[in-house]
Amino acid sequence: MPETIDWPMRGKPRAMRRVFLVLVILLAFILFAGRSAVSYWVDLLWFRSLGYGEVFWKTWGLEWGTFAVFAVLTFLILYGAMLALKHTHAEDLPEDHTIYLAGRPFTLPVGRALHLAALGVAVLIALVTGAAIEQEWPTLALFWYAPGAAGGLTDPIFSKPLGFYLFTLPAWQLIAGWLLTLAILICIAAALFLLIAGGARALDRHGLPSSLPWRGVLEAAGFLLLTLALHEFVGRYELLLEHHTIFDGVTYTDAHVTLIGMLAITVALLAGAVIAIAGGLLKPGGRWLAAAVAPAIVCWVVFSLLGWYVSTFVVKPNQLDRERPYIANNIRMTRAAYGLDRFTQREFPAETDPGAADPANNQATLDNIRLWDVQALQDTLRQVQEIRTYYDFPDIDIDRYEIGGNLHEVMLAARELNLDRLPDSSRNWINDKLIYTHGYGITMNPVNGFTPEGLPTLYLSNMPVESTVPGLEVTQPEIYFGELTSSDVYVKTRLKEFNYPEGQSNNLTTYDGTGGIVLGGFLRRALISFDRGDITKVPFSDDITAQSRLLMRRNVRDRVAELAPFLTFDQDPYIVVGDNGRLYWILDGFTSSDTYPYSTQSSLNGEPLNYMRNSVKAVIDAYDGTTTFYVFDHEDPIVAAWRAIYPGLFKDDAAMPAWLRKHVRYPELLLSLQAEVYGLYHMTDPEVFYNREDQWTVATQTGLSGSGDQAAQEMVPNFVLMKIPGEGGGLEFVEILPFTPISRNNMIGWIAARSDGAHYGTAVVFDFPKTRLVDGPQQIEARIDQNAQLSGQLTLWNQQGSHVLRGSLLVIPCGKALLYAEPIYLQAERSPMPELRLVVLALEDRLAYGPNFDTALAALFGNAPSSLTSTVAAQTLATAGAQPAAALGPGATAPDLNALIGQASRDFDDYQRLTSEGKLAEAGQKLDDLKQVLAQLRAHSK
């Protein structure tokens, strides 16, 4: 009796478990789909708040369209192939199969199980494939929307237009790779069916199935051979992208053997596919498979041997003659791909006579030589202008502004709010999201301006922002969007926002901009906060109203990357003070490709490329987040294609306000990449290129390594305001970089990338004489180190509880000579603020220094002696608080003080001489004498 009761009950818990499992899966899917839908909706609101709603829908359609097309095609191909294989082996498959679970036999219908397995595998692989190819939607979008010939330039081998390589070839590569993957999966499935079907047949005397069902394998192999033929055919064009030891692209052997061989292999693979498919239809057998692959193998062997013969016996004995036209192709196409054809080369005499510098006619250049090093200024501003610990200056930007009717080079720094610096007791949701919402103001100083205390001369400073220059003002100093603003905030709430500290109280404000997403009613507010992770706060906060706004993606780098993910952006935005008193960020946007024909390969942030253009300037309003993209390179086919896809996203550069255009600059990232390539590809003669007779590299200078030790480092581009020698124009804002011969320290060339007016986007390269040596940065550094007075003083400073910091060495063509300038700072161990102690200037055969630029310049051009003694004495007087003799009080006389200064000078000279002679004991005595004289000087000042 219990047995008859148990049997019906045993099925109910299982059914209930199945229902519960289905409900859990359904609920998880609804939650996942619902969260994704809310996330997309919030993104749509964000795009609309910026006026780019159509950009969202276009991107959404491209992404999901790509996913849907490839997921469906993958499913149909795989599922159809598996059903075809099942049908082919229907007679050979067993009807069922018995398996044992927990000791109990279960009968499994083989046909139904294979059908379900094929369905499940096809669905899973289709979803994974669709998601993977969805990430490549930009490639397919460019293929679909790209303009035809892309400028009319054709490659020298196939005569294909540039658009084929930039837009069509990447899509072909993607599709060929996708089809090859499917073909391999189908072959694996065919092999499994072969094993299953073969296992059901009677075994012969050797223990093998008496006959094998080869039809499915042959059909799968035919499909694989077809995809391999497509892959081989596309691979012919990829030869133009190959890297070789001497140059990149198609070589003599490739042109005369490899390309022909790849075409022959393509035909052989197509023939093999026909053989395999025909064999499957006629009389299946293993010999058909061998016959299918044999032609391709034979072609591969024959052309590999032929290629080896041509390379070894035809090319290598006469390599330069054979490869000359192909080297010329590589040089021409590489220079076009990296924009090197926009560089103008000129000879520069680099004369050694001081008069060649012509200081009288280059005074404007000399007045703008940068003495403030970026790191030194940043350290100083963090001490004197942060005001509170929760502010920070994340970066220093260099720009040019018209001040007092003249153009001046200045340095700017945005004062941003760093929430991580708030005290732990102040970190809560209200403070983080509603009160501490923005940074405030900027600083601006001339690149060579110092106060008597050694601090920067500030044009803009403090909170509220104060200006010392008429006409230069900041009327909207709040920074809601910047480099450190990486968290969401809610504005226009009932709470006042912290603006800036004001004595014992704080100045408060309320956001008055139009940026951000309006939160609206309760349901809308709940959905938005659910997406942003604030669901337990925002809907129930009394401080948030229907008019409140969400500011999200406030980091300017994240902002532009979300709007235009197909562009690469410089990670160093720079800030601009507008004529309207507002603050703006400018980011450089780049288009790139790794399929430009015959161009040498390089890399950017780990990604390969062989083509790059700075086609876009993105401008972000620091207050309301308005983001505008301006196209600056109308010859770039890639940005032209993106404009066809997103016509409402971009504006012409002519639409940029004239006052803003004055602050556009040549990007450092682009110049660094171009300089790397130019070091080799400035050689346009194939023979010189082949022999590497004149290879350049970016110059190095002495700087601090990561461990804090002095080490040689590759120089980075520096912005300077100068007159270009040999041109009659005025001051230009240029980005400079010197070159040296590879493995040498003397200078061989110098580049200036231009940023102003009609010259924007071009560069001028000065070639220095090859008949004599021109000192490079490392050699100037060595001359500084070898100067007895300078080296002795630097050694002394490094031993007195402080250390010496050497600023960036600038190399500036001035007249017909080269002027070198390097600031030297002294930083006490207990003080984070470096102080400018020396300015070192040099010409080819002269070196001078002084406590400031004017003194060093006078010494350099013979108007005053270059004396470290007077420099040290002046700094000693300033340190001791002493006054000049003409301003002495009644308790001292000028002769007494002058005598002490003279004695200090003699003691210091003796100390340096004895140190250089190795007489350390006597040098120590002289140092003690110097200390006594300095003590007397201090007594005079009291």
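These numbers come from a predicted model, not from an experiment.

Chemist: Just to check I follow, could you spell out the overall build of the chain for this structure?
Modeler: Counting secondary structure elements, the chain contains 24 helices and 37 strands. By the burial criterion, 50% of the 942 residues in the chain qualify as buried. In the chain, once contacts between residues fewer than 6 apart in sequence are set aside, the share between residues at least 24 apart is 66%. When the accessible surface of the chain is summed, it comes to about 42,700 Å², and 58% of that surface belongs to carbon and sulfur atoms.

Chemist: Looking at this structure, how should I read empty space enclosed by the protein?
Modeler: Sizing a probe to match a water molecule and rolling it over the atoms shows the empty space that remains. Counted according to the given criterion, the structure contains one cavity of 30 Å³ or more. Taken as a whole, the largest cavity spans an internal volume of roughly 50 Å³. For the largest cavity, the full set of lining residues is Met715, Val716, Asn718, Ile736, Leu737, Pro738, Trp750, Leu809, Leu810 and Val811. Mapped by element, the contributors of at least two residues to the lining of the largest cavity are strand 30 (731-741) and strand 34 (810-814). In terms of residue count, the dominant contributor to the lining of the largest cavity is strand 30 (three residues). Class assignment for the residues of the lining of the largest cavity results in nine nonpolar, one polar and no charged.

Chemist: In this structure, what is going on with the nonpolar core? I would like to understand it.
Modeler: Proteins that are soluble and globular tend to have nonpolar side chains buried together. Membership of the largest hydrophobic core comes to 152 residues, with the highest contact counts inside it found for Val577, Phe629 and Trp642. In terms of residue count, helix 17 (residues 668-681) provides more of this core than any other element does, eight residues in total. If we ignore the near neighbours within four places in the chain, the residues touching Phe629 are Tyr52, Val560, Leu563, Ala564, Phe569, Val616, Lys617, Ala618, Leu649, Phe650 and Lys651. With 68 residues, the next largest nonpolar core counts Ala357, Leu458, Trp797 and Ile812 among its residues.

Chemist: Explanation requested: the packing of aromatic side chains in the structure shown.
Modeler: Counted under the stated rule, the structure contains 49 aromatic pairs. Both rings, one in Trp642 and one in Tyr646, keep their centres 6.2 Å apart while their planes meet at 25°; by these two values the pair is stacked. Accessibility assignment for this pair places Trp642 and Tyr646 in one class, buried. A connected cluster of aromatic rings, assembled from ring pairs, spans Tyr40, Trp46, Phe47, Phe56, Trp57, Trp60, Trp64 and Phe67. Directly above the ring of Tyr237 sits Arg236, whose terminal nitrogen or CZ lies 5.7 Å from the centroid. It is Arg322 that lies over the ring of Tyr252; its NZ or CZ is 5.8 Å from the centre.

Chemist: Mind showing me how you'd approach the side chain of Thr334 here?
Modeler: Relative to the assigned elements, Thr334 resides in helix 9 (residues 319-337). On the basis of relative accessible area, Thr334 is assigned to the buried category, the value being 0%. Ignoring anything within four residues of it in the chain, the contact list for Thr334 reads Tyr598, Ser599, Thr600, Val677 and Tyr681.

Chemist: What exactly am I supposed to notice about the confidence of the model for the chain here?
Modeler: For residues with low pLDDT, the predicted coordinates do not support detailed interpretation. On average, residues of the chain carry a pLDDT of 86, and 85% of them reach 70 or more. Predicted confidence is poor over residues 202-206, with pLDDT under 50, and the contacts of this stretch with residues over four places away or in other chains come to seven contacts. Note on residues 876-895: pLDDT under 50 across the span, and 17 contacts to partners over four residues away in sequence or across chains.

Chemist: What exactly am I supposed to notice about the pattern of salt bridges here?
Modeler: Oppositely charged side chains are able to pair whenever their charged atoms sit close together. As enumerated under the stated definition, the model contains 33 salt bridges in all. As a salt-bridge pair, Glu727 and Arg346 come within 2.5 Å of each other at their nearest N and O atoms. Here Glu727, found in the loop between strand 29 (718-723) and strand 30, pairs with Arg346, found in strand 3 (residues 343-347); they are 381 residues apart in sequence, far enough to count as distant. You can call Arg346 partly exposed: its relative accessible area is 25%. Residues Glu668 and Arg665 are paired through a salt bridge, measuring 3.7 Å at the closest nitrogen-oxygen approach. Under the relative-accessibility criterion, Glu668 is labelled partly exposed at 25%. On the accessibility criterion, Arg665 (4% relative accessible area) is buried. A single salt-bridge network, built from bridges that share partners, covers Arg342, Arg613, Asp633 and Glu635.

Chemist: Looking at this structure, I do not really get the packing of helix 9 against helix 17. What am I missing?
Modeler: When two helices pack together, you describe them by how their axes are tilted relative to each other and by the distance separating the axes. For the pair helix 9 and helix 17, interaxial distance at closest approach is 11 Å and the crossing angle is 155°. Regarding the angle of helix 9 to helix 17, the classification is roughly antiparallel. When you trace helix 9 past helix 17, the crossing you get is left-handed. Residues Asn330, Ile331, Thr334 and Arg335 of helix 9 touch helix 17, and the partners they reach there are Val677, Tyr678 and Tyr681. Considered class by class, the residues forming the contact of helix 9 with helix 17 number four nonpolar, two polar and one charged.

Chemist: How do you make sense of the environment of Leu140 when you look at a structure like this?
Modeler: Tracing the sequence through the fold places Leu140 in helix 4 (residues 137-145). With relative accessibility at 14%, the residue Leu140 sits in the buried group.

Scoring rules and cut-offs
Residues numbered from 1 in each chain as written. Predicted model: local features only at pLDDT ≥ 70, side-chain atom pairs only at ≥ 80, totals over all residues. Heavy atoms only, no water. Helix = DSSP H or I, 4+ residues; strand = E, 2+ residues; numbered from the N terminus. Buried < 20%, exposed > 50% of the residue type's maximum accessible area, 1.4 Å probe, protein only. Contact = heavy atoms within 4.5 Å. Areas by Shrake-Rupley, 256 points an atom, 1.4 Å probe, with all protein chains shown as cover. 1 Å grid on protein atoms, 1.4 Å probe; cavity = no way out; pocket = protein on both sides within 12 Å on 5 of 7 lines; lining within 4 Å. Points joined across faces, edges and corners; volume = space filled by probe spheres on them. Nonpolar A, V, L, I, M, F, W, Y, C, P; charged D, E, K, R; others polar. Core = buried A, V, L, I, M, F, W, Y, C linked by side-chain atoms within 4.5 Å. Phe/Tyr/Trp six-rings, centres within 6.5 Å; stacked < 30°, edge-to-face > 60°. Lys NZ or Arg CZ within 6 Å of the ring centre and 35° of its normal. pLDDT = per-residue confidence, 0-100. Salt bridge = Lys/Arg side-chain N within 4 Å of Asp/Glu carboxyl O. Axes fitted to C-alpha atoms, helices over the stretch in contact; angles between N-to-C directions. Parallel < 35°, antiparallel > 145°, perpendicular 65-115°, else oblique. Left-handed = near helix turned anticlockwise from the far one by under 90°.

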